[in-house]
Amino acid sequence: MATLRTRNGALLLKQESVPGTYEAPDPATDGILVEAPTINPTTQNVETDEVQGSLDSTAPIVGGMQVTIGGAFYLKGPGVPGEYPEWDLLMRIAGMAATQTRTDITGVTFSVTGASAEIADSGDGLAALTVGTVIHVSGFANEANNGEFIVTTSAAGAIVVARLTGATAMVDEAAGENVTLRRGIAAVEATAGGVDSITLQAPWANTAQLYRGMPVALSGNPAAPYISQILDYTAGRVATLADYFETPLSASTVASIPANIRYAPASSSIPAASVTLYMDGVVYRCTGAKATLSIEQTAGGAARCTYTISALMHEKDDAAVPSVTYDGTRPGIWRNSAMLVNKRRAALQTLSVDLGNEVIFPPDPNGQEGFDAPIITRRRMTGSMDPNATLVATRDLMTAFRDGTAQPVAARLAGGSAARPGQRVGLAIPSALYTSYQPGDRQGVQTEQIGFFLQGQDSGLFLQVW
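Residues numbered from 1 in each chain as written. Predicted model: local features only at pLDDT ≥ 70, side-chain atom pairs only at ≥ 80, totals over all residues. Heavy atoms only, no water.

> Give me the lowdown on the sheet that holds strand 19 (residues 254-257), citing residues and values where you can.
Reading across from one edge, 13-19-16-17-18-15-14 is the order of the 7 strands in this open sheet, with antiparallel pairing throughout. A strand with exactly one partner marks an edge of an open sheet, and here the two such strands are strand 13 (185-189) and strand 14 (192-193). (Pairing = 2+ DSSP bridges. Helix = DSSP H or I, 4+ residues; strand = E, 2+ residues; numbered from the N terminus.)

Spelled out as structure tokens, the structure:
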């Protein structure tokens, strides 16, 4: 008799065209790298109390089955800005809608002059890459010519670039390779600025909140390129940022949005997924899945997401664990990164947020199990953090708590592997209403234990990958 082991497993998700109808996943594209997956089928038994001339009870009546699947995964990017991470579908069935912001310029007409860091295009297709635009370059034969750059000089047929971080030199390369230059929103100069906002201009859109929750690269002023996050964006093209700038931003500031994926809460069009869980020789196939999840970031550690999936059981069968393809990147570390409370840096150990989705199985005697595939009926997003205590003159969280003053909270994960393009992760909470305050102690250091509620209709939390 075979002994089945818990570590030899795999989790795959496939979006369903018809919610509740199982669709087989592709191990080459649908795997999610998770920790300690578990499955818990529960039946809705009817406990009976019939009398039949004995003190013994009659057996319960076995009813329909519901399934929960749990585990954890790390928030990590796929390694290319603007591409979906492998955990994309799990985030979307938890009610976090994805927006992809990405434009590609591709061709075999690009060459490099290394001494001047110039990328030329014999097809004259580079005019859209304005000064200050962040681009990701891939496809050149010389690896030194690939990576993340910011445009310093722009023309239709050539751009001069500088590395966004680091100073690795480029080398001469003739045209001929299939090259991709990828951007998000091209850079424009601000018309005005302040300590935490900039006013932009066309061709940036005049659609309110279009860019809300996205990362933004600032250059010119500040002199060195700096990544922030957009907490609010008006129809007048005013972007409110997650950071406070001691030297106010100004008309010398240039803003560009890197290619990215943004997740934001949704209340409609939440997809359902088929879940396939392999566990060392057996496979569980489930349908109609929805989820809830929580995210925890710890200083010096990786951002870890704990999920609970609710689904209907489709079948259990014998099957070997397939060879699953994952994106190959590793999680970043929350060091050399950013943690901001009310737009200023704050030292802490842990930041956590919980989507708080209420997932129910609507009763339906027409359904195979006596109820339909699960749906999300309510969301209550909450969080907690434990910043080091400060003088009141520096930060007064107790007064903000007592007065009911909401403040923004933001975090950016940029250390370790997350220093590479396409692997950065950010969280932006535009309006955190403090719901509890308690002085604390962490190894002899005074702390403030803070609970908060994430305010906003479909805007309490934004998650960025870029």
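Once the structure has been displayed, the description carries forward.
> A description of the sheet that holds strand 10 (residues 147-154) should follow, citing residues and the corresponding values.
Pairing in this open sheet of 7 strands is antiparallel, and the strands run 6-12-9-10-11-8-7 from one edge to the other. The open sheet has two free edges, formed respectively by strand 6 (103-107) and strand 7 (110-113), since each of these has just one partner strand. Taking each pair of neighbouring strands and ignoring which way they run, the sheet shows an average axis angle of 35°. Where strand 9 (residues 134-138) and strand 10 come together, 4 bridges link them in antiparallel fashion. The partner of Val 134 across the bridge, within strand 10, is Ile 150. (Axes fitted to C-alpha atoms, helices over the stretch in contact; angles between N-to-C directions.)

> Can you lay out the pattern of salt bridges for me, pointing to particular residues and giving the numbers?
If you walk through the whole model with that rule in mind, you get 15 salt bridges. Taking the shortest distance from any N to any O, the salt bridge between Glu 148 and Arg 424 comes out at 2.5 Å. Residue Glu 148 is found in strand 10, and its partner Arg 424 is found in the loop between strand 32 (415-416) and strand 33 (425-442); the two are separated by 276 residues along the sequence. Residues Glu 148 and Arg 424 agree in their burial class; the two are buried. Residue Arg 285 pairs with Glu 315 through a salt bridge whose shortest N-O separation is 2.8 Å. In this pair, Arg 285 is assigned in strand 22 (residues 281-298) and Glu 315 in strand 23 (residues 304-319), connecting sequence segments 30 residues apart. Each of Glu 83, Arg 102, Asp 104 and Arg 182 takes part in a single network of salt bridges with overlapping partners. (Salt bridge = Lys/Arg side-chain N within 4 Å of Asp/Glu carboxyl O. Buried < 20%, exposed > 50% of the residue type's maximum accessible area, 1.4 Å probe, protein only.)

> Which residues make up the packing of aromatic side chains, and what are the values?
All chains considered together, the criterion is met by 8 aromatic pairs. Note on Tyr 211 and Tyr 233: the rings are 4.9 Å apart at their centroids and 70° apart in plane angle, and the pair reads as edge-to-face. One end of the pair, Tyr 211, is in the loop between strand 15 (197-199) and strand 16 (215-219); the other, Tyr 233, is in strand 17 (residues 226-233), with 22 residues separating them in the sequence. Of the two residues examined, Tyr 211 and Tyr 233, each falls in the buried class. Judged by centre distance (5.6 Å) and plane angle (80°), the rings of Tyr 226 and Phe 245 are edge-to-face. Taken together, the positions of Tyr 226 in strand 17 and Phe 245 in the loop between strand 18 (238-241) and strand 19 put the pair 19 residues apart, joining distant regions of the chain. Judged by its relative accessible area of 23%, Tyr 226 is partly exposed. Grouping aromatic residues by their ring pairs yields a cluster made of Phe 73, Trp 87, Tyr 263 and Tyr 307. In this arrangement the basic side chain of Arg 344 is found over the ring face of Tyr 244, its NZ or CZ atom lying 3.9 Å from the centre. (Phe/Tyr/Trp six-rings, centres within 6.5 Å; stacked < 30°, edge-to-face > 60°. Lys NZ or Arg CZ within 6 Å of the ring centre and 35° of its normal.)

> Quick one: what's the story with the environment of Ser 256, residue by residue and with numbers?
Its location among the elements puts Ser 256 in strand 19. For Ser 256, a relative accessible area of 0% puts it in the buried group. For the pair Ser 256 and Ser 116, spaced 140 residues apart in sequence, the C-alpha to C-alpha distance is 23 Å. Beyond its immediate sequence surroundings of up to four residues, Ser 256 is in contact with Gly 132, Thr 133, Val 134, Ile 185, Ala 186, Ala 187, Trp 204, Val 216 and Ala 217. There is a polar contact of 3.1 Å between the side chain of Ser 256 and the backbone nitrogen of Val 134. (Contact = heavy atoms within 4.5 Å. Polar contact = N/O pair within 3.5 Å; in protein donor to acceptor, adjacent residues only side chain to side chain.)

> Let's hear about the nonpolar core: which residues, and what values?
Nonpolar side chains in soluble globular proteins tend to be buried together. Formed by 62 residues in total, the largest nonpolar core has its most connected members in Leu 75, Met 385 and Phe 452. In terms of residues, this core owes the most to one element, strand 22, which gives 7 residues. Setting aside chain neighbours within four positions, we find Leu 75 in contact with Trp 87, Met 91, Ile 295, Ala 303, Cys 305, Leu 413, Val 425 and Leu 463. Formed by 19 residues, the second largest nonpolar core is a distinct cluster that contains Ile 198, Trp 204, Tyr 211 and Ile 230. (Core = buried A, V, L, I, M, F, W, Y, C linked by side-chain atoms within 4.5 Å.)

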